[in-house]
Amino acid sequence: MNILVTGGAGYVGSVCAQVFIEQGHSVTVIDNFSTGNREAVPADATLVEGDVREVAATVLREHNIDAVAHFAARSLVGESVEKPEEYWQHNLVTTLALLDAMRDNGVNNLVFSSTAATYGEPETVPITEDMPTAPTNPYGATKLSIDYAITSYCHAYGMGATSLRYFNVAGAYGSIGENRAVETHLIPLVLQVALGHREKIMIFGDDWPTEDGTCVRDYIHIRDLADAHLLALESNTASQHRIFNLGSGEGYSVAQVIDTCREVTGHPIPAEVAPRRAGDPATLIASSAKAMNQLGWRPSRTDLHTIVSDAWAFTSQLGDRAYSAQR
Ligand code: UFG
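Since we're looking at a predicted model, the values are computed, not measured.

Caption draft 1: Main features of the site of the ligand. In the vicinity of the ligand, 20 residues are found, and the nearest of them are Leu 186, Met 202, Arg 217, Arg 277 and Asp 280. The contact in question runs from an oxygen atom of the ligand to an N or O atom on the side chain of His 185, over 3.1 Å. Bound to the protein, the ligand loses 90% of the 690 Å² it would expose on its own. Among the elements of the structure, helix H6 (186-195) and strand E8 (201-204) are those that each provide at least two residues to the shell around the ligand. At four residues, E8 tops the list of elements feeding residues into the shell around the ligand. By residue class, the composition of the shell around the ligand is 13 nonpolar, four polar and three charged.

Quick look at the structure:
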C-alpha cells in the first residue's frame with residue numbers, strides 16, 4: 001500500500017511509519033514539525049513538510065495514496081483545558097479537512113489515532129468499547145467528536161475506517177522513543193531523573209482508591225501499538241467504522257512504574273508525593289479483547305519491565321539530543 005502518515009514526526013506516528021516501511025509499504029509523511037522531531041521521520045519515507053489542512057489533497061492525489069494513518073494532533077490533556085481552541089482547530093478542523101480530501105480523491109481506507117480519554121472516568125475496569133464515552137477534558141472531547149465525524153463519513157461516502165483508542169503508550173522502537181520539548185508523561189519523566197536531568201519525580205497523589213494509593217494505568221508498548229494500525233488498514237471494510245481499545249490489559253500503579261524504572265536503570269530515583277493532578281482518573285485499564293478477536297492483534301511486549309527497558313535504551317543514548325538536557 002501507499003500509506004499517508006500524518007504526524008509522522010511524532011512519537012507514535014514515526015514508529016508506525018517505520019513499521020509500515022519494514023512490512024513492505026511505501027510511506028509519505030506529512031508533518032509541520034510543530035511538536036514532532038525531524039530526525040524521527042524514517043529515512044525511507046517521503047516527507048512533505050506542511051499543514052495537513054493545506055497539503056493533504058495534493059499529497060493524496062500526487063502520491064497515489066491508498067490508505068491514511070492519521071496521527072497529526074495536539075495531545076496534552078492539561079494544555080487542552082487551557083487552550084481548547086487549539087485542540088478544536090488542530091484536531092477536529094484538521095481531521096475534517098483530511099476527511100474531505102480523502103472523499104474528494106477516492107481514498108477510502110483510514111486508521112485514526114484515538115485515546116482512552118474519550119471514556120473519561122470509567123465506572124468499572126477493564127474498559128470495553130461499549131462503555132459510555134464522557135471525556136473529562138477538551139482533548140478527549142475532540143477525539144470523540146472526530147469519531148462521530150468518521151462514522152458519518154463512512155456511512156455517507158463508503159469509507160472504511162478504524163479508530164484505535166490507546167491507553168498509556170510507552171517504550172521505544174529502534175531509534176525512536178519519547179523525546180518531547182514539553183514532557184508530561186510518567187515514564188519519560190522518571191527516566192529523566194535517572195539521566196540526571198531532573199532531581200526527582202513528583203507522584204501526583206498517594207490517596208487514590210487503589211492498592212498502594214497511587215494511580216493505576218495500562219501501559220502498552222509502542223511496537224505492539226504499531227502492529228494494530230497495520231492490521232486495521234489491512235482489514236478495513238467499506239462503509240464500516242470500527243473502534244478498538246488498545247492496552248496490555250494489566251494495570252500498574254505510579255509507584256510500581258517508579259520501582260520498575262529503579263530496577264532497570266539502577267538509579268535510586270528520588271520521588272516525592274505531590275497533590276493530585278486535576279482530571280486524573282484513579283484507574284484506567286483497557287479490555288483489548290475486541291482488538292484481539294476481530295483484528296487478530298497479539299501484543300507481545302506487555303511486561304512493564306520490557307517496556308521500561310526499551311524506553312531506557314532509547315533515553316540513555318540521547319545525550320545532548322534530549323530536550324530535557326537542553327533546558
Ligand atoms: N504522574 C505522576 N507524576 C508525573 C507524571 C505523571 O504521578 O510527573 C502520574 C499521573 O498522575 C497518572 C500517571 O502518572 O496517574 C500516568 O500519567 P501520564 O501523564 O503518563 O499519562 P495519563 O494517564 O495522564 O495520559 C494517558 C495518555 C493521554 C490520555 C490519557 C487518558 O497519555 O493521551 O491517558 O486519561 F489522554
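The discussion continues.
Caption draft 2: Representation of the pattern of salt bridges within the structure. Overall, the coordinates contain 16 salt bridges when judged by the stated rule. For the salt bridge of Arg 103 with Asp 100, the shortest nitrogen-to-oxygen distance reads 3.4 Å. Here Arg 103 and its partner Asp 100 are both found in helix H4 (residues 84-104), three residues apart, which amounts to about one turn of the helix. Exposure remark for Asp 100: the relative accessible area of 25% places this residue in the partly exposed category. The shortest N-O distance in the salt bridge between Glu 178 and Arg 180 comes to 2.8 Å. Of the residues examined, Glu 178 reaches a relative accessible area of 9% and is grouped as buried. Here the salt bridges do not stand alone but share partners, grouping Asp 100, Arg 103 and Asp 104 into one network.

Caption draft 3: Looking closely at the packing of aromatic side chains. According to the stated counting rule, one finds two aromatic pairs in the structure shown. Taken together, a centroid distance of 6.4 Å and an interplanar angle of 85 degrees make the contact between Tyr 87 and Tyr 139 edge-to-face. Here the residue Tyr 87 occupies a position in helix H4, and Tyr 139 occupies one in helix H5 (residues 138-157), the gap between them amounting to 52 residues. The residues Tyr 87 and Tyr 139 share a single accessibility class, namely buried. With a centroid separation of 5.5 Å and 65 degrees between ring planes, the pair formed by Tyr 153 and Tyr 157 is classed as edge-to-face. Placement of both Tyr 153 and Tyr 157 in helix H5 is noted, with a separation of four residues, approximately one turn of the helix. Here Tyr 153 falls in the buried class, since its relative accessible area comes to 13%. We classify Tyr 157 as partly exposed; its relative accessible area is 42%.

What counts and what doesn't
- Residues numbered from 1 in each chain as written.
- Predicted model: local features only at pLDDT ≥ 70, side-chain atom pairs only at ≥ 80, totals over all residues.
- Heavy atoms only, no water.
- Near = heavy atom within 4 Å.
- Polar contact = N/O pair within 3.5 Å; in protein donor to acceptor, adjacent residues only side chain to side chain.
- Areas by Shrake-Rupley, 256 points an atom, 1.4 Å probe, with all protein chains shown as cover.
- Helix = DSSP H or I, 4+ residues; strand = E, 2+ residues; numbered from the N terminus.
- Nonpolar A, V, L, I, M, F, W, Y, C, P; charged D, E, K, R; others polar.
- Salt bridge = Lys/Arg side-chain N within 4 Å of Asp/Glu carboxyl O.
- Buried < 20%, exposed > 50% of the residue type's maximum accessible area, 1.4 Å probe, protein only.
- Phe/Tyr/Trp six-rings, centres within 6.5 Å; stacked < 30°, edge-to-face > 60°.

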